[in-house]
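Results of the structural survey
If you want the building blocks of each chain, they are given just below.
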Amino acid sequence: MTLGRKGSCIESESLPLHLVARRRKQQPLSEQMKRIWELELELDELRSIREAEGVRVRSYKELVTRKEQENGARVSNKEFVNCLKGQINSHRKMHRPIQHVEKVFYTILASIGIPVNLLAIVILSQGKCGVSLCTTRYLVVMAAADLMVIITDVLLRRFRYYYYPRCFLDITPVCSVNRVLYRASRDCSVWFTVTFSFDRFVTICCQKLKTRYCTEKTATVLLATTCILLCLKNIPFYFQYQPVRIINNMPFFCDRKSEYYTESWWVVLNWFDTILTPLLPFALILLLNALTVRHILVASRVRKRLKGETKGENRRDPEMESRRKSVILLFAISGSFVLLWFIYVAEFLYYIIQDLNPDDYPPFLFHFRRVGYMLQRLSCCTNTFIYAATLPRFREKFSNAIKYLVT
């Protein structure tokens, strides 16, 4: 039996049960079943990742509701074929353009993001980049987490639909593990940015705490603890998935179990995950940056008064000059995070407040949502260029490495 490019079902429901049951029996396909299969393939080509499954399930539900309202009759395969045709035609104009843009975007992101993050890890691990060992430790793990996000989300998940469908990544345990790894790497990437922002806040604003907190040992313990806790938090999400198809006694694709949407402990865990990423980190980074800016402005005014500077004088302040590099690096990294995650967070809050199904979004909101996802993934590729722009020694080593690889 030929496998279709089906089964993303990230945040989706299962296929029509009568179709799944017939496929599991491994019976020869009728002409109408073959046509359904072909239409499913066309639908997967038409829409990106999760939307195809949502439309397919919604098509079946609409048919079932209509038939139950009429006379309670069962939905035939022919009716399902006609409904799929209508859904495909209604979504083709809206979704095909963004599908092509996403494919090009994620291809470029992977081809640039993976090598630059690897280079950043190698260069920073060698040290002597003009920053302290404590700061270096944060930058290394942030680059490693960003690299894992690109590998698990773009290389192993999205590329599976674009370039290598029908592979071992479709096996249910494999795609379930990959989803958990993506969640863990995404959470680590976000929270490592928070811990780095707090470290810079302590360095700039809390001089008494600085000597005890801003050390390589403290950074190592804090980062390791954060990573372990986030990984443990994401382990239960492995058990939310079930296979969509059983082919030759092998489970394929990942579909969320129905109890994920109904059982209270799943609902609590989902809300906890939502608050933990991205709402709380987003708020903490904004708060830490605001407090840092406030401290810098107050300290600058106080030092000027103590030095007795007048409006016409322009004396250099060695203390402020020494903090300049830390301030620029902090604001560049945290500012990039806030800007690139802003659309994602805004759409997420709109989704919660309005309580709308994303499949029912109008074209503008649908494209707004997809752009938010792309910018969110782009945040995993920008830090290395920020290091190159703000750290002269890192920039020199990075340019030398690029020249060596090119020549």
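Quantities reported herein were computed from a predicted structural model and do not represent experimental measurements. (Residues numbered from 1 in each chain as written. Predicted model: local features only at pLDDT ≥ 70, side-chain atom pairs only at ≥ 80, totals over all residues. Heavy atoms only, no water.)

Topic: the overall build of the protein chain
Worth spelling out the cut-off: Only runs of H or I of at least four residues qualify as helices and only runs of E of at least two qualify as strands under DSSP, and these elements are numbered from the N terminus. Each residue's exposure class comes from its accessible area (1.4 Å probe, protein chains only) as a fraction of the maximum for that residue type: buried when under 20%, exposed when over 50%, partly exposed otherwise. Residue contacts are counted whenever heavy atoms from the two residues lie within 4.5 Å of one another. Working definition of accessibility: Shrake-Rupley area with a 1.4 Å probe, residue cover restricted to the visible protein chains.
Assigned secondary structure in the protein chain consists of 12 helices and 4 strands. In the protein chain, which comprises 407 residues, the share counted as buried stands at 50%. In the protein chain, 79% of the contacts between residues at least 6 apart in sequence involve partners at least 24 apart. Summed over its atoms, the accessible surface of the protein chain is roughly 20,300 Å², and 63% of this surface lies on carbon and sulfur atoms.

Considering the packing of helix α5 (residues 133-162) against helix α11 (residues 363-390)
Definition in use: For helices, the fitted line uses only the C-alpha atoms of the stretch in contact; every axis is such a line through C-alpha atoms, and the angle between N-to-C directions lies from 0 to 180 degrees. It is the rotation of the near helix from the far one that decides the hand of a crossing: anticlockwise by less than a right angle makes it left-handed, clockwise makes it right-handed. Polarity classes work like this: nonpolar for Ala, Val, Leu, Ile, Met, Phe, Trp, Tyr, Cys and Pro, charged for Asp, Glu, Lys and Arg, and polar for all others, with Gly in that last group.
α11 packs onto α5 with a crossing angle of 140° between their chain directions and a minimal axis gap of 10 Å. For the crossing formed where α5 meets α11, the hand is left-handed. Side by side, α5 and α11 meet where Leu-139, Met-142, Asp-146, Val-149, Ile-150, Asp-153, Arg-157 and Arg-158 of the first sit next to Arg-370, Arg-377, Ser-379, Cys-380, Asn-383 and Tyr-387 of the second. Residues belonging to the contact of α5 with α11 are distributed by class as follows: 6 nonpolar, 2 polar and 6 charged.

A word on the packing of helix α6 (residues 172-205) against helix α8 (residues 216-234)
Viewed as axis vectors pointing N to C, α6 and α8 meet at an angle of 145°, and their least axial separation amounts to 9 Å. Note that α6 runs across α8; the crossing there is right-handed. Here Val-180, Arg-183, Ala-184, Asp-187, Cys-188, Trp-191, Phe-192 and Thr-195 of α6 lie close against α8, whose contacting residues are Leu-222, Leu-223, Thr-226, Cys-227, Leu-230, Cys-231, Lys-233 and Asn-234. Looking at the contact of α6 with α8, its residues break down into 10 nonpolar, 3 polar and 3 charged.

Regarding the pattern of salt bridges
Applied cut-off: Whenever Lys or Arg places a side-chain nitrogen within 4 Å of a carboxyl oxygen from Asp or Glu, that contact is recorded as a salt bridge.
One pass over the structure, following the stated rule, counts 13 salt bridges. Here Asp-273 makes a salt bridge to Arg-183, at a shortest N to O gap of 2.9 Å. Of the two residues, Asp-273 sits in helix α9 (residues 264-307) while Arg-183 sits in helix α6, which places them 90 residues apart along the sequence. Residue Asp-273 shares its accessibility class with Arg-183, and that shared class is buried. A salt bridge links Arg-200 to Asp-199; the shortest N-O distance between them is 2.6 Å. Just as Arg-200 is buried, Asp-199 falls in that class too. Salt bridges linked by common partners bring Arg-183, Arg-186, Asp-187, Lys-233 and Asp-273 together as one network.

A few points about unusual backbone geometry
Look at the link from Thr-277 to Pro-278: it is a cis peptide, with omega at 20°. Within the secondary structure, Pro-278 sits in helix α9. Phi is positive for Asn-249, which is not a glycine, with a value near 65°. Along the chain, Asn-249 falls in the loop between β2 (245-247) and β3 (250-252).

Let's talk about the side chain of Gln-240
Note the following rule: Any N or O atom pair separated by 3.5 Å or less is treated as a polar contact, with the protein-specific requirement of one donor-capable and one acceptor-capable atom, and with residues adjacent in sequence counted only for side-chain atom pairs.
Assignment of secondary structure puts Gln-240 in the loop between α8 and β1 (241-242). The exposure class assigned to Gln-240 is buried, which follows from its relative accessible area of 0%. Here the side chain of Gln-240 touches Phe-237 through a polar contact of 3.2 Å, landing on its backbone oxygen. Those residues in contact with Gln-240 that lie beyond four places of it in its chain are Arg-183, Asp-255, Arg-256, Lys-257, Tyr-260 and Trp-266.

Side note on the state of the cysteines
We apply this condition: Our working definition of a disulfide is a cysteine sulfur pair at a distance within 2.5 Å.
In this structure the tally under the stated criterion is 1 disulfide. The disulfide partner of Cys-175 is Cys-254, and the gap between their sulfur atoms is 1.8 Å. Around the S-S axis, the bridge from Cys-175 to Cys-254 shows a dihedral of about 100° and counts as right-handed. Taken together, the positions of Cys-175 in helix α6 and Cys-254 in the loop between β3 and β4 (255-256) put the pair 79 residues apart, joining distant regions of the chain. What makes Cys-254 buried here is its relative accessible area of 2%. Cys-227 carries a free sulfur, and the closest cysteine sulfur to it, the one in Cys-188, is 3.9 Å from it. For Cys-227, a relative accessible area of 29% gives the class partly exposed. Summary of cysteine pairing: Cys-381 is not part of a disulfide, and the nearest cysteine sulfur, belonging to Cys-380, is at 8.6 Å.

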